[in-house]
Amino acid sequence: MKPFKPTFPEFPHMLHGGDYSPEQWRETPEIWDEDMRLMKLAHTNEMTMGIFSWAEIEPSEGVYDFSVLDTLMDKIYENGGRVILATPSGSRPHWLADKYPEVMRVNVQGHKERYNRRHNHCATSPAYRERVRIINEKLAERYKDHPALLGWHLSNEYGGFCYCDLCTKKFQKFLKEKYGTIDELNRCWWTRFWSHRYDSFEQIEPPAPVIGEAFVQGMHLDWKQFNSENIIDFIKEEIKAVRKYSDKPITTNCMGFNPEIDHRELEKHLDFFSQDEYPLWANGITVTAERLAFLLDYCRGIKHGQPFIMMESAPGIHVSAMRFKKTKTDKQQLLEAVKMISHGSDSVLYFQWRKGRGAHEKFHGAVVDHYGKDDTRVFRNVAKVGTMLEKLDDLVGSVVNADVAITFDTPTRWALNGSADIGDWSDNGYHATASAFHAAFYRKNIPVDVIGYDEDFSKYKVVVLTVPYVMEQPLADKIRSYVENGGVVITSFLTSVVNSNDLCHLGGTPALGLSDVFGLRVDEIDTYRPFDQDIAENYVAYEGKEYKLSGFAEHVVAKGATALAQYTDEEFFSDGALFEHSFGKGKAYYMAFQHDTFQNALVERLIKECSLKTPMDAESDDGIIIRRRDGEKKSIYFVTNETNEEKTVSFPKAYRNLMTDETVSRTQKLAGCEFLILAEE
Ligand code: GLA
Ligand code: ZN
């Protein structure tokens, strides 16, 4: 993959900074000047402003006061910084909710929310959309040519559901457009079951325990798709208003693997992807690093490998309520920053620059504490991160190249999650299955892209399909031809079981021709539960080791595939537990059971069979992770010790340490959580 153009061509540097709310210090403008001084000392170059400023910039309808933003945009620029400016729709002023009550959500219990919290507007409300359009246009018109302006940050962490009448009507319209006739909808939702036929679109209410239907899975899927599309539609209107005046790059800050929005649909409307992430290192270094790595690879995959912006993270403690929260050690703070940039972030940004005095989140980590000075541990660590990023301009736009891809598909999660038939194997199961594979490659230093089904599979030597339960013919054909042409695919239990309405495929699974590709048929789906009394424990035996089952285990009839592993319980009828099948020029693996560590063994096999390469030809202890980003001019290597113990790494040749500008000796000992950032000499 080739490097990308910098997201902000006029400022091709790694961004370092974060959320700044100067309106909280309106009465003490000397604090703004102090912030400018501290900004330089902390080696920051970016401030994200205006996220929650609506009541300040429009104190009553149609009355505007941009004085704080004007002042700070100028000051930040004069001090060498840049601004990502937010639209304020993430939190509305009181007057707005009072005057236009329809903007407040109706919750899942059917109750209309009074003015409270944030992020809880109705995404359908025309009154809200109109107020947002007006304020966005005002902001874009005013700041479009400001030299501090880098780009736009729409709203804040969109998500959630609204069950108001406006949303219900819009859902009905969505269904009418999708299905055409009520008969077609009834067919696709299988409503003859329990006599649940709908006579008209107007009868349909969103699925919810109290107000609507909860047992028609096809409806669940459509509701989740509708909600995601409705939020994206709201976002498109926000973009249109900004674009009327400004052509600067636009993003919105997303949260984790948030299943409420299909990020792969959202991405089509954004210039770059951005993410908020708060790793909790106190959970254990290795496990936290692995989880973070999976998320970061997911972020990079959303925009097909383009670097993303890490929009929020915590300097020090991540907290909204104090009890039992942990801060980070010095090394953890630095390691977190290195992890982010090594997986494709072109920034390390924080929530937040300065701690507020009250209301909420007043103890949340910030670059500047209530103490107000620069001689704090957190400030020093932030400054160290800044110093590091200043040496890494070459990273901007650079990419991660991977031979392995793992699919992660939000509509499939919708189908698995909340399905009465799948039971309590909820969304976490989908995530856990994908992350177990990711971690297995990660521990062996094999880079992975986390991709959508729309990505070109032929770029990869290996594609792992995460529980591809929902299957339509085009995807089945894509998998088939990938393998036919030499690709290696791995799938799991629950492959190609239902269509996109959650109607089971007839004629056996894996359906739609995939039975041929994998050389087998699933005869029965079974599960193991931790509390089973009268059932023999069952294990999967593979290469002299046994792996205890808990969760899904399928009974499989082989039709050409070779069993590589067997279930140990002889009464559990199956031709095997793990299968391999040559198909065309490629190979298809089927893992018929659920597990979270067996993947380590399978990945070792794949590394050998597919000659998968690490980013650098080094010899290293377990726990040393090596990543590489490839840029226009050079490749940069990140060697991190993601344990608390000392580890050793031996390099194949001499490298330059980009932080010290010294040549690194061939064998290095790295203390726990330490890292090296290297380039070829
Ligand atoms: C989110 C929000 C921020 C803040 C942080 C606290 O990411 O976007 O406004 O509430 O959480 O961690
Ligand atoms: Zn609504």
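As the structure is a prediction and not an experimental result, all values here were calculated from the model.

1. Let's talk about the environment of D421
Tracing the chain through its elements places D421 in the loop between α13 (410–416) and α14 (427–443). Assessed through its relative accessible area of 68%, D421 is described here as exposed. Spatially, the C-alpha atoms of D421 and S620 are 46 Å apart, while their sequence positions differ by 199 residues.

2. Looking at the side chain of E113
Mapped onto the secondary structure, E113 falls in the loop between α4 (94–99) and α5 (126–143). According to the relative accessible area criterion, E113 is buried, its value standing at 13%. In this structure the side chain of E113 is engaged in a polar contact, spanning 2.9 Å, whose partner is the side chain of N120. Setting aside chain neighbours within four positions, we find E113 in contact with M104, R105, N107 and N120.

3. Description of the coordination of the zinc ion (ligand 2)
Here the zinc ion (ligand 2) is held by C122 (SG), C162 (SG), C164 (SG) and C167 (SG), and the distances to it run 2.3 Å. All donors of the zinc ion (ligand 2) belong to a single chain; written as a sequence motif, their spacing is C-x39-C-x1-C-x2-C. Of this pair, C122 sits in the loop between α4 and α5 while C167 is found in helix α6 (residues 165–179), placing the two residues 45 residues apart along the sequence. Residue classification places C122 among the buried positions, given a relative accessible area of 0%. Under the relative-accessibility criterion, C167 is labelled buried at 3%.

4. Observations regarding the domain arrangement of the protein chain
For the protein chain, the assigned domains are domain 1 (74–269), domain 2 (404–609) and domain 3 (619–680). For domain 1 versus domain 3, the distance between C-alpha centres works out to 44 Å.

5. With respect to the site of ligand 1
Residues in close proximity to ligand 1 include F52, R118, N156, E157, D276, Y278, E312, H318, F351, E361 and H364, which together make up its full environment. In this structure, R118 approaches ligand 1 through a side-chain N or O atom, which is 2.8 Å from an oxygen atom. Take E157: an N or O atom from its side chain is 2.6 Å from an oxygen atom of ligand 1. In isolation ligand 1 exposes 310 Å². Once the protein is present, 93% of that is buried. Residue composition of the shell around ligand 1, by class: three nonpolar, three polar and five charged.

Conventions used here
- Residues numbered from 1 in each chain as written.
- Chains lettered and ligands numbered in written order.
- Predicted model: local features only at pLDDT ≥ 70, side-chain atom pairs only at ≥ 80, totals over all residues.
- Heavy atoms only, no water.
- Helix = DSSP H or I, 4+ residues; strand = E, 2+ residues; numbered from the N terminus.
- Buried < 20%, exposed > 50% of the residue type's maximum accessible area, 1.4 Å probe, protein only.
- Polar contact = N/O pair within 3.5 Å; in protein donor to acceptor, adjacent residues only side chain to side chain.
- Contact = heavy atoms within 4.5 Å.
- Donors = N, O, S within 2.8 Å, 3.2 Å for Na, K, Ca; no water.
- Domains from an automatic or database assignment.
- Near = heavy atom within 4 Å.
- Areas by Shrake-Rupley, 256 points an atom, 1.4 Å probe, with all protein chains shown as cover.
- Nonpolar A, V, L, I, M, F, W, Y, C, P; charged D, E, K, R; others polar.

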